[in-house]
Amino acid sequence: MISGEINIIFGWVWMCIGFVSGMTLGMWAEGEKWLGGYASITRRYLRLAHVAFIALSVINILYGKELGSPDIPTYVKSIGSPLMIFGAAGVPLACISAAFFRKTKYFLPLPALALLIGTAILVIGMIF
Ligand code: HEM
């Protein structure tokens, strides 16, 4: 399996998790006081996790399709592909963790950085 296909499969699987996370939030979302109310940090982290599941899945699918191009160098596929999966897995999971254990928010820069590096590598590979 070429590395791009892994990003595409991961993206669609992770998107399902994103829908399930929205459905889960939807069961209690109208509760004025649920987890401290709509504006509470806990609810905000959980909403961020829900959106991150979906948005980063779309980005992985696009990334995987881009890696299918023969012009993309091998180093992009072998380094960028796993970084994008690590980033897309790590951001929403760290958000969920931060919702309940606030100090774990300090893990967020790790997957965010992985996404930045993975995308930067792709950009460099496309240009040069
Ligand atoms: C099965 C599909 C989905 C369900 C059941 C769902 C459900 C929800 C629920 C219940 C909330 C509110 C959570 C809260 O009150 O704390 C929410 C927020 C949100 N959802 Fe989804 N969602 C779904 C798909 C999507 C998709 C596809 C996107 C983006 C492309 C998306 C983007 C957002 C955003 C941006 C928010 C935050 C809105 C705000 O803060 O005003 N959702 N979703």
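Anything mentioned here points back to the structure above.
This report concerns the structure included in the present document. A quick note: this is a predicted structure, and the numbers were derived from the prediction, not measured.

### Structural notes on the site of the ligand
Stage number 1. Every residue near the ligand is listed here: Phe19, Gly22, Met23, Leu25, Gly26, Ala29, Tyr38, Arg43, Arg47, His50, Val51 and Ile54.
Stage number 2. Among the elements of the structure, α1 (3–28) and α2 (41–67) are those that each provide at least two residues to the shell around the ligand.
Stage number 3. Taken together, the residues of the shell around the ligand sort by class into seven nonpolar, three polar and two charged.

### Section: the nonpolar core
Stage number 1. With 24 residues, the main nonpolar core has Tyr45, Ala49, Ala52, Met84, Ala88, Val91 and Cys95 as its most contacted residues.
Stage number 2. The greatest single-element share of this core, amounting to 10 residues, is contributed by helix α3 (residues 74–100).
Stage number 3. Ignoring any residue separated from it by four or fewer positions in sequence, one finds Tyr45 in contact with Cys95, Ala98 and Ala99.

### A word on the packing of α2 against α3
To characterise two packed helices, one gives the angle between the axes of the helices and the distance between these axes.
Stage number 1. Look at α2 against α3: their axes get within 7 Å of each other, and the N-to-C directions meet at 170 degrees. Put simply, α2 runs roughly antiparallel to α3.
Stage number 2. Looking at the contact of α2 with α3 residue by residue, the class counts come to 20 nonpolar, five polar and one charged.

### Some thoughts on helix α4 (residues 109–127)
Stage number 1. The first and last C-alpha atoms of α4 sit 26 Å apart over 19 residues, in line with the 27 Å expected at 1.5 Å per residue.
Stage number 2. Taken together, the buried positions of α4 are Pro111, Ala114, Leu115, Gly118, Ile121, Leu122 and Gly125. On an axial view of α4, the arc spanned by its buried residues comes to 130 degrees, and they lie on one face. In this structure, α4 carries Pro109, Ala120, Val123 and Ile127 as exposed residues pointing more than 90 degrees from its buried face.
Stage number 3. Considering only its buried residues, α4 is in contact with α2 and α3.

### Description of the environment of Lys103
Stage number 1. Structurally, the position occupied by Lys103 is in the loop between α3 and α4.
Stage number 2. Judged by local crowding, Lys103 falls into the exposed class, with 8 C-beta atoms found within 10 Å.
Stage number 3. Lys103 sits 29 residues away from Thr74 along the chain, and the two C-alpha atoms are 38 Å apart.

Calculation notes
- Residues numbered from 1 in each chain as written.
- Predicted model: local features only at pLDDT ≥ 70, side-chain atom pairs only at ≥ 80, totals over all residues.
- Near = placed C-beta within 6 Å.
- Helix = DSSP H or I, 4+ residues; strand = E, 2+ residues; numbered from the N terminus.
- Nonpolar A, V, L, I, M, F, W, Y, C, P; charged D, E, K, R; others polar.
- Core = buried A, V, L, I, M, F, W, Y, C linked by C-beta atoms within 7 Å.
- Buried ≥ 20, exposed ≤ 12 C-beta atoms within 10 Å, placed from the backbone.
- Contact = placed C-beta atoms within 7 Å.
- Axes fitted to C-alpha atoms, helices over the stretch in contact; angles between N-to-C directions.
- Parallel < 35°, antiparallel > 145°, perpendicular 65-115°, else oblique.
- Expected span 1.5 Å × (residues − 1).
- Arc of directions from axis to C-beta.

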